[in-house]
Amino acid sequence: MDENGKIKLGISIGDLNGIGCEVILKTFEDARMMDFFTPIIFASNKTVSFHKNALKLDINYHGIPDAAKALDGKLNVVNVWKEVPKIQFGEATEEAGAFALQSLEAAVAALKTDAIDGLVTAPINKNNIQSETFTFPGHTDYLAQELEGESLMFMITEALKVGLLTDHVAVKDAPAAINPILIRTKVRTIEKSLTMDFGIRRPKIALLGINPHSGDNGVIGKEDDTVLKPVIREMSDAGHLVFGPYSADSFFGSDMYRKFDAILAAYHDQGLIPFKTLSFGKGVNYTAGLSKVRTSPDHGTAYEIAGKGTADHSSFKEAVFAAVQIVKNRREYAVLTENPLQKQKVRR
């Protein structure tokens with residue numbers, strides 16, 4: 001926190017040729033945002049100035065050498081690099097990937113030393129960011145290495161929260177990757193997050209089937225009967241409010257999801273297609289289970305509209321507010337659990 005007790009929120013700039021900087025700057029065009037927390041972008045003055053002028057955005061910012069020098073009430077920019085990157089809107093360039101990585105590494109370093117309290121990441125290109133130090137399919141796996149805990153890709157809105165058993169894994173490899181240890185770990189991670197990050201005392205979790213119709217009793221596949229169901233029974237008997245497996249094709253359309261605090265999908269598209277259909281523009285990608293808080297918008301670099309000034313910043317704004325709220329919830333949870341006689345302030 002800064003000297004006034006405000007949360008310091010770090011922001012990595014993402015791919016310079018995408019819409020990342022645009023949605024960041026649009027979010028903070030409203031100066032009232034700075035009343036709630038202190039935003040800190042990890043990039044450079046010249047890079048931010050280029051995007052501001054190219055997109056004709058009316059916004060001021062303050063350049064600083066490091067996060068410790070951030071000013072309250074200002075949009076702060078840490079000068080991570082001195083070079084002047086060549087911005088080519090809509091192009092996937094090696095240079096843009098390298099600067100995206102520099103921004104991310106600087107922001108994570110600040111997060112690890114508590115120079116910032118939480119992190120919001122603008123979208124990266126998963127191909128051009130690859131390097132000797134970044135050999136991951138996305139932010140989630142990189143952060144899992146850099147921060148303590150068991151990472152969980154958790155897509156969230158107020159009304160819908162979807163976690164993934166497997167995230168950036170090829171569809172053909174997902175069933176083999178799902179095993180009892182993974183299921184137990186992900187369920188416990190999602191339970192802990194719902195309690196600590198969202199104030200839900202006894203969370204109810206639904207698991208979606210691996211195969212169509214959850215295997216139809218082995219007719220379409222045996223993984224649901226041999227892997228999922230035994231673990232669900234075991235965890236339910238141990239007191240966890242875990243249910244399923246449910247057939248994924250009808251689960252969301254029938255509004256079954258409203259009966260649970262979170263849903264655990266077997267693989268990426270099984271969870272993200274319905275989530276984005278129901279919540280696109282308002283959804284947030286939260287990396288739950290780690291020692292630090294990180295969120296991001298629910299979209300990618302959107303090269304096709306980069307530089308045109310038409311990007312919708314709603315999801316990035318939601319990611320910002322989610323990060324701030326989760327940081328606050330974690331602090332309250334820490335205080336309450338340190339004082340077990342104090343009345344628990346939870347939603348249910």
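What this report covers is the structure whose coordinates are included nearby. (Residues numbered from 1 in each chain as written. Predicted model: local features only at pLDDT ≥ 70, side-chain atom pairs only at ≥ 80, totals over all residues. Heavy atoms only, no water.)

The number of helices and strands found in the protein chain is 10 helices and 12 strands. For a compact globule of 348 residues, the expected C-alpha radius of gyration is about 20 Å, and the protein chain comes in at 21 Å, within 12% of that figure. For the protein chain, with 348 residues in total, the buried portion stands at 52%. Restricting to contacts in the protein chain with at least 6 residues of sequence separation, those with at least 24 account for 73%. Across the protein chain, the centroid of the 40 positively charged side chains sits 5 Å from that of the 43 negatively charged ones. (Helix = DSSP H or I, 4+ residues; strand = E, 2+ residues; numbered from the N terminus. Rg over C-alpha atoms; globule rule 2.2 N^0.38 Å. Buried < 20%, exposed > 50% of the residue type's maximum accessible area, 1.4 Å probe, protein only. Contact = heavy atoms within 4.5 Å. Lys, Arg positive; Asp, Glu negative; His and termini not counted. Charge placed at Lys NZ, Arg CZ, Asp CG, Glu CD.)

So, on to the pattern of salt bridges. By the definition in use, this model includes 12 salt bridges. Among the ionic pairs, E234 bridges to R184, the shortest N-O distance being 2.8 Å. With E234 in helix α7 (residues 223-237) and R184 in helix α6 (residues 180-196), this residue pair connects regions lying 50 residues apart in the sequence. Overall, E234 belongs to the partly exposed group, its relative accessible area being 36%. With a shortest N-O distance of 2.7 Å, R330 and D197 are connected by a salt bridge. With R330 in helix α10 (residues 314-338) and D197 in the loop between α6 and β8 (205-208), the pair connects residues that are 133 residues apart, well separated along the chain. The exposure classification of R330 matches that of D197, with both residues buried. (Salt bridge = Lys/Arg side-chain N within 4 Å of Asp/Glu carboxyl O.)

The next subject is the environment of V219. Note that V219 resides in the loop between β8 and α7. In this structure the C-alpha to C-alpha distance between V219 and M33, which are 186 residues apart in sequence, comes to 54 Å.

Another point: the packing of aromatic side chains. In this structure the tally under the stated criterion is 15 aromatic pairs. When the ring of F134 is compared with that of F136, the centres are 5.3 Å apart and the planes differ by 80°; the resulting orientation is edge-to-face. Side by side, F134 and F136 carry an identical accessibility label, which is buried. Geometrically, the ring pair formed by F134 and Y142 is tilted, given 5.3 Å between the ring centres and 35° between the ring planes. By relative accessible area, which is 0% here, F134 ends up buried. Residue classification places Y142 among the buried positions, given a relative accessible area of 4%. (Phe/Tyr/Trp six-rings, centres within 6.5 Å; stacked < 30°, edge-to-face > 60°.)

What follows is about the nonpolar core. If you look at the biggest cluster of nonpolar residues, it comprises 67 residues, and the most contacted ones within it are F28, F154, I183 and L207. No other element matches α10, which puts eight residues into this core. Among residues more than four places away in sequence, those in contact with F154 are K161, V162, G163, I190, S193, L194, F198, A262, V284, N285, Y286 and A288. (Core = buried A, V, L, I, M, F, W, Y, C linked by side-chain atoms within 4.5 Å.)

Looking now at the side chain of S279. Note on placement: S279 falls in helix α9 (residues 268-279). S279 sits in the buried class, given a relative accessible area of 8%. When residues no more than four places from it in sequence are discounted, the contact partners of S279 are T157, L160 and D298.

Nothing here speaks to function; it is all geometry.
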